[in-house]
Amino acid sequence: MHPQFHRRETDGLIYYECDALTTPHLFTTKFGGVSTGYLASLNLGFNRGDVRENVLRNYDILAKHFGVPRGRMTMTKQVHGDCVRVVDRDAVGMGLGQPMRWETDAIVTNLPGVPLCGYYADCVVTLLHDPVSRSIGVCHSGWRGTANGILAKTVRTMQREYGADPADIEAVIGPSIRQCCFETDADVPDAMREAMGPDCEPFVARRGAKYFIDLQGINRMRLEQAGVRTIVDSGLCTKCRHTEFWSHRATHGRRGVQAGILMLEEDHS
Ligand SMILES: [Zn+2]
């Protein structure tokens, strides 16, 4: 684990925080919610077979942690694409405070008091915060999004919409499946090569007929290429630590969903 990462517990909610990110945020674990059975206890997915009321109560716990009404929490709807959407006043609470009307793997905002939620159970969720332009973003990238460069696109959207200078952005790469465990057949490196050319080679290791991909390394490279200088990678592998984190690979899909969430505070200056 990166030394700037810390495991915390508040009122039974167990989560990780990173010193490099100077705005309220967390990466959730399996623990601290009310879901039961194989979804015990902090499942944040509505389509994982959980009781809807329990998922809503889990969001209540997080909303209380951030000090906002549940209906302000704003969700991605992840489709392994490379779309980035702007959360303006009309979009606040998408998926919770109002019906889900978009498909997008990344969202950005400059509105205070609006927690942005990105979801993972092996995939990479990266939290972005620019304290100067006062803007934030959350980006989900599996191997497809990683190859398509959705993280750099999220940074560029913060530049375009809010005037963020990438050099000011704090970027934190959350717990996710790492090269130790992300084993694939040749189809994944082939598709990545097609999307990003030879840039992917340093991040693909071959052992026999299998390949092991370093998604965090590629996402870090994408951030550096976009001009981001403050980058922290958690170092936590969700599959190695499947007793603490939901891991799609470790459970063969019978699992809940956790989230990386961040929010801007009201500006009192
Ligand atoms: Zn691992």
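Above: the structure in question.
As the structure is a computational prediction, the values presented were derived from the model and not from experiment.

A.B. asks: Which residues make up the pattern of salt bridges, and what values do they have?
C.D. replies: Scanning all chains against the criterion turns up twelve salt bridges. Of the charged contacts in the structure, one is a salt bridge between aspartate 267 and arginine 134, with a shortest N-O distance of 3.9 Å. Residue aspartate 267 is located in the segment after strand E15 (258–262), and its partner arginine 134 is located in the loop between strand E8 (124–130) and strand E9 (135–141); the two are separated by 133 residues in the primary sequence. According to the relative accessible area criterion, aspartate 267 is partly exposed, its value standing at 45%. Notably, a salt bridge pairs glutamate 161 with arginine 160, separated by 3.2 Å at the nearest N-O pair. When its relative accessible area of 38% is taken as the criterion, glutamate 161 is described as partly exposed. Under the relative-accessibility criterion, arginine 160 is labelled exposed at 60%. One continuous salt-bridge network, built from bridges that share partners, spans Arg7, Arg241 and Glu244.

A.B. asks: I'd like a rundown of the nonpolar core, residues and numbers included.
C.D. replies: Membership of the largest hydrophobic core comes to 37 residues, with the highest contact counts inside it found for Leu128, Met192, Ile213 and Leu223. Put simply, the parts of the chain that give this core at least two residues each are strand E6 (106–109), E8, helix H2 (143–148), helix H3 (150–162), strand E10 (170–173), helix H4 (187–196), strand E13 (210–213) and helix H5 (215–225). Per element, the largest residue contribution to this core is six residues, and it comes from H3. Beyond its immediate stretch of four places on either side in the chain, isoleucine 213 contacts Arg178, Gln179, Phe182, Thr184, Val188, Pro189, Met192, Phe203, Val204 and Ile218. By size, the runner-up hydrophobic cluster in this structure holds 26 residues, among which are Leu21, Leu111, Val172 and Leu264.

A.B. asks: Describe the sheet that holds strand E4 (residues 74–75), listing the residues and the values that go with them.
C.D. replies: The strand order across the open sheet formed by six strands is E1-E2-E3-E15-E7-E4, and the pairing between neighbours is mixed. Both edges of this open sheet fall to strand E1 (5–10) and E4, since each of them pairs with a single strand only. Of the strand pairs in this sheet, strand E3 (residues 25–28) and E15 are connected by three bridges, and their pairing is antiparallel. When the bridges of E15 are listed, leucine 26 appears paired with isoleucine 261. Each of E1, strand E2 (13–18), E3, E4, strand E7 (116–120) and E15 is contacted by helix H1 (residues 52–66), which is oriented at about 155 degrees to E3, the strand it contacts most.

A.B. asks: Account for the coordination of the zinc ion, with residues named and values stated.
C.D. replies: Surrounding the zinc ion are the protein donor atoms Cys180 (SG), Cys181 (SG), Cys237 (SG) and Cys240 (SG), which sit 2.3 Å from the metal. Around the zinc ion, the four donor atoms sit at angles spanning 104 to 115 degrees, and that spread fits a shape best called tetrahedral.

A.B. asks: An account of H3 is requested, with residue identities and associated values reported.
C.D. replies: Over its 13 residues, H3 extends 18 Å from the first C-alpha to the last, a length consistent with the 18 Å expected when each residue adds 1.5 Å. Buried within H3 we find Ile150, Leu151, Ala152, Thr154, Val155, Thr157, Met158 and Tyr162. Looking at the buried side of H3, the elements it contacts are strand E5 (84–86), E6, E8, E9, H2 and H5. Of the residues flanking the end of H3, it is glycine 163, one or two places downstream, whose phi is positive at about 70 degrees.

A.B. asks: Account for H5, with residues named and values stated.
C.D. replies: Within H5, eight of the eleven residues are buried, which leaves the element mostly enclosed by the surrounding structure. Of all the residues in H5, the buried ones are Leu215, Gln216, Gly217, Ile218, Asn219, Met221, Arg222 and Leu223. Of the residues one or two after H5, glycine 227 is the one with positive phi, at around 100 degrees.

A.B. asks: Residues and numbers for the environment of serine 234, please.
C.D. replies: Inspection of the secondary structure puts serine 234 in the loop between strand E14 (230–233) and helix H6 (248–251). A C-alpha to C-alpha distance of 5.7 Å links serine 234 and methionine 1, two positions 233 residues apart in sequence. Those residues within four positions of serine 234 in sequence are excluded, and the remaining contacts are Met1, His2, Phe5, Ile173, Gly174 and Pro175. A distance of 3.0 Å separates the side chain of serine 234 from the backbone nitrogen of leucine 236, its partner in a polar contact.

A.B. asks: Could you give an account of unusual backbone geometry, naming the residues involved and the relevant values?
C.D. replies: A cis amide bond links alanine 40 with the next residue in sequence, serine 41, at an omega value of 0 degrees. In the Ramachandran plot, histidine 80 falls in the positive-phi region, its phi being about 60 degrees despite a non-glycine side chain. Its place among the elements puts histidine 80 in the loop between E4 and E5. Residue classification places histidine 80 among the partly exposed positions, given a relative accessible area of 36%. The phi angle at histidine 252 is positive, at roughly 55 degrees, despite the residue not being glycine. By secondary structure assignment, the location of histidine 252 is in the loop between H6 and E15. Residue histidine 252 is classed as exposed on the basis of its relative accessible area, which comes to 74%.

About the cut-offs
Residues numbered from 1 in each chain as written. Predicted model: local features only at pLDDT ≥ 70, side-chain atom pairs only at ≥ 80, totals over all residues. Heavy atoms only, no water. Salt bridge = Lys/Arg side-chain N within 4 Å of Asp/Glu carboxyl O. Helix = DSSP H or I, 4+ residues; strand = E, 2+ residues; numbered from the N terminus. Buried < 20%, exposed > 50% of the residue type's maximum accessible area, 1.4 Å probe, protein only. Core = buried A, V, L, I, M, F, W, Y, C linked by side-chain atoms within 4.5 Å. Contact = heavy atoms within 4.5 Å. Pairing = 2+ DSSP bridges. Axes fitted to C-alpha atoms, helices over the stretch in contact; angles between N-to-C directions. Donors = N, O, S within 2.8 Å, 3.2 Å for Na, K, Ca; no water. Tetrahedral: all angles 85-135°; square planar, octahedral: opposite > 155°, others 65-115°. Expected span 1.5 Å × (residues − 1). Polar contact = N/O pair within 3.5 Å; in protein donor to acceptor, adjacent residues only side chain to side chain.

In short, the description is geometric, and any link to function would need to be established separately.
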